[in-house]
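# Working through the structure, step by step
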Amino acid sequence: MVEVSASILSVEKQESLKTFYNLEAAKINYFHIDVMDGKFVKNNTLDLMIEYVRNIKNISNLPLDIHLMVEDVKSNINDYLDFNPNIITFHLEACKDSKNVSEIIDYIKQNNIKVGIAIKPETKIEEVFKYLPFIHMVLIMTVEPGYGGQKLIPETIEKVSKLKNYIEKNNLELDIEVDGGINLNNADELKKAGSNIMVVGSSLVNSENYTETVKELCKI
Ligand code: DX5
Ligand code: ZN
């Protein structure tokens, strides 16, 4: 069963409330919140995402899937604690060393929130293996983090199958989320490779009929 996490990065601001209503009505599984600090990636969405999450919380009980593309991971976690997110995902590349990774994992868990680790396209999947027993999800970026509306990098799909094999061999239980450039034409290949949560931004938000698009993605 594939779940859909709707990235709201490319939502038109003037239309945002209506779009959030419509996404929920279309039966997405999560709202995916792309937090960017202007340092880890060029774009800065810090204020916009807080505003959007506040609005979403007023109208929806759907779980929040927070994707932190930031250098200062801890202070950005703190900014979202009051919103009671389902999962917070941080980038492995933002951490100083493995001690720092473990500290962040523990900090998120202490706040009763699930933990995800994200990796950029050039980071080897093997680098997350040692953390898998302690986390709930791996987010494999299928584009360079920073912008919505990019084309999926096909070489990233092999990382999904490597991770899936490792998880099965080691009897672990984790979600595999993929993020960037996902649409109805490539979702099937990503599912076959082993991912079970698809982040979908522009291909959903720009589609004519959200309900149909979500239904088609879930059917895959
Ligand atoms: C990219 C973000 C994504 C992305 C999704 O840095 O993490 O969540 O923008 O949007 P689309 O589906 O348009 O690539
Ligand atoms: Zn994202």
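Look up a bit, the structure's there.
What comes next concerns the included structure.

Definitions and limits used
Residues numbered from 1 in each chain as written. Chains lettered and ligands numbered in written order. Predicted model: local features only at pLDDT ≥ 70, side-chain atom pairs only at ≥ 80, totals over all residues. Heavy atoms only, no water. Helix = DSSP H or I, 4+ residues; strand = E, 2+ residues; numbered from the N terminus. Rg over C-alpha atoms; globule rule 2.2 N^0.38 Å. Buried < 20%, exposed > 50% of the residue type's maximum accessible area, 1.4 Å probe, protein only. Contact = heavy atoms within 4.5 Å. Areas by Shrake-Rupley, 256 points an atom, 1.4 Å probe, with all protein chains shown as cover. Lys, Arg positive; Asp, Glu negative; His and termini not counted. Charge placed at Lys NZ, Arg CZ, Asp CG, Glu CD. Near = heavy atom within 4 Å. Polar contact = N/O pair within 3.5 Å; in protein donor to acceptor, adjacent residues only side chain to side chain. Nonpolar A, V, L, I, M, F, W, Y, C, P; charged D, E, K, R; others polar. Core = buried A, V, L, I, M, F, W, Y, C linked by side-chain atoms within 4.5 Å. Axes fitted to C-alpha atoms, helices over the stretch in contact; angles between N-to-C directions. Parallel < 35°, antiparallel > 145°, perpendicular 65-115°, else oblique. Donors = N, O, S within 2.8 Å, 3.2 Å for Na, K, Ca; no water. Tetrahedral: all angles 85-135°; square planar, octahedral: opposite > 155°, others 65-115°.

Turning to the overall build of the chain, a few remarks are in order. A tally of regular secondary structure across the chain gives 8 helices and 8 strands. For 220 residues, the compact-globule estimate of 2.2 N^0.38 gives 17 Å, and the C-alpha radius of gyration of the chain, at 16 Å, lies within 12% of that figure. Each principal axis of the C-alpha distribution contributes one length, and for the chain these read about 40 × 35 × 30 Å. Expressed as a percentage of the 220 residues in the chain, the buried residues total 53%. For the chain, contacts bridging at least 24 residues in sequence account for 67% of all contacts bridging at least 6. Entry remark: accessible area of the chain is about 10600 Å², with carbon and sulfur atoms responsible for 44%. Between the averaged position of the 24 positive side-chain charges in the chain and that of its 33 negative side-chain charges there is a distance of 2 Å.

Near ligand 1 lie 20 residues; those nearest to it are Asp34, Gly146, Gly149, Asp179 and Ser202. Aspartate 34 is positioned with one of its side-chain polar atoms (N or O) 2.8 Å from an oxygen atom of ligand 1. Here an oxygen atom of ligand 1 and a side-chain polar atom of aspartate 179 are 2.7 Å apart. In isolation ligand 1 offers 380 Å² of accessible surface; the protein chains occlude 100% of this area. Of all the secondary-structure elements, those providing two or more residues to the shell around ligand 1 are β2 (30-36), β3 (64-69) and β8 (197-200). The dominant element in the shell around ligand 1, judged by the number of residues it contributes, is β2, at 3 residues. Partitioned by chemical class, the residues of the shell around ligand 1 number 8 nonpolar, 10 polar and 2 charged.

Residues Ile8, Phe31, Ile33, Phe90, Val128 and Leu163 are the most contacted members of the largest nonpolar core, which totals 73 residues. Beyond its immediate sequence surroundings of up to four residues, leucine 163 is in contact with Ile125, Val128, Phe129, Leu132, Val138, Ile140 and Ile176. In this structure, Tyr30, Ile87, Ala118 and Ile197 belong to the second largest nonpolar core, which totals 8 residues.

Relative orientation of the contacting elements helix α3 (residues 73-80) and helix α4 (residues 98-110) amounts to 10°, with a least axis distance of 11 Å. If you check the angle between α3 and α4, you find them roughly parallel. Where α3 approaches α4, its residues Val73, Lys74, Ile77 and Asn78 are matched on the opposing element by Ile104, Tyr107 and Ile108. Among the residues forming the contact of α3 with α4, the class breakdown is 5 nonpolar, 1 polar and 1 charged.

Put simply, the ideal angle at a metal is 109.5 degrees for four donors in tetrahedral geometry and 90 or 180 degrees for six donors in octahedral geometry. Summarising the metal site, the zinc ion (ligand 2) is bound by the protein donors His32 (NE2), Asp34 (OD), His67 (ND1) and Asp179 (OD), whose distances to it range over 2.1 to 2.3 Å. Here the zinc ion (ligand 2) is ringed by 6 donor atoms whose angles at the metal span 70 to 169°, and the overall shape comes out octahedral. The sequence motif formed by the donor residues of the zinc ion (ligand 2) is H-x1-D-x32-H-x111-D. With a gap of 35 residues between them, histidine 32 in strand β2 and histidine 67 in strand β3 connect regions that are remote in the sequence. On the accessibility criterion, histidine 32 (0% relative accessible area) is buried.

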